[in-house]
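Spelled out, the chains give:
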Amino acid sequence: MTAVLHICRACDEPITDSDDAVYLGHEEAMSGPGWDVWAHRDHADLVVPDPAPIRVLARILIHHATRQPNTPGGTP
């Protein structure tokens, strides 16, 4: 039987001790099921979320907050 190998998101090193592995969550993929995110217990607080989706969401929210409502007789 082979052991499940996890890679630490913070240091990109294998986590060899299963008691040292901390599950941080699941990342979705554009195609396929995605993957689980793991880190060493000492590195778990160093992992930050990917800033790209946060920037996209911020732009969408700013756009919705600043767009003009449609008014009858006005220009589109």
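Residues numbered from 1 in each chain as written. Predicted model: local features only at pLDDT ≥ 70, side-chain atom pairs only at ≥ 80, totals over all residues. Heavy atoms only, no water.

1. Here's the deal with unusual backbone geometry
- For D12, which is not glycine, the phi dihedral falls at a positive 60 degrees.
- Among the structural elements, D12 can be located in the loop between β1 (6-7) and β2 (14-15). (Helix = DSSP H or I, 4+ residues; strand = E, 2+ residues; numbered from the N terminus.)

2. Here we look at the nonpolar core
- Counting residues in each nonpolar core, the largest one holds five residues, listed as C8, I15, A21, W38 and A39.
- When near neighbours in sequence (up to four residues on either side) are disregarded, A21 contacts H6, I15, W38, A39 and R41. (Core = buried A, V, L, I, M, F, W, Y, C linked by side-chain atoms within 4.5 Å. Buried < 20%, exposed > 50% of the residue type's maximum accessible area, 1.4 Å probe, protein only. Contact = heavy atoms within 4.5 Å.)

3. Topic: the packing of aromatic side chains
- Evaluated as defined, the whole model comprises one aromatic pair.
- Seen from their ring centres, Y23 and W38 are 5.3 Å apart, and the 65 degrees between their planes marks the pair as edge-to-face. Of the two residues, Y23 is situated in strand β3 (residues 21-27) and W38 in strand β4 (residues 35-40); the sequence distance between them amounts to 15 residues.
- With relative accessibility at 19%, the residue W38 sits in the buried group. (Phe/Tyr/Trp six-rings, centres within 6.5 Å; stacked < 30°, edge-to-face > 60°.)

4. What about the pattern of salt bridges?
- Tallying each qualifying case throughout the model produces one salt bridge.
- The residue E27 makes a salt bridge to R9 at a minimum N-O spacing of 2.8 Å. Here E27 is found in strand β3, whereas its partner R9 is found in the loop between β1 and β2, with 18 residues between them in sequence. (Salt bridge = Lys/Arg side-chain N within 4 Å of Asp/Glu carboxyl O.)

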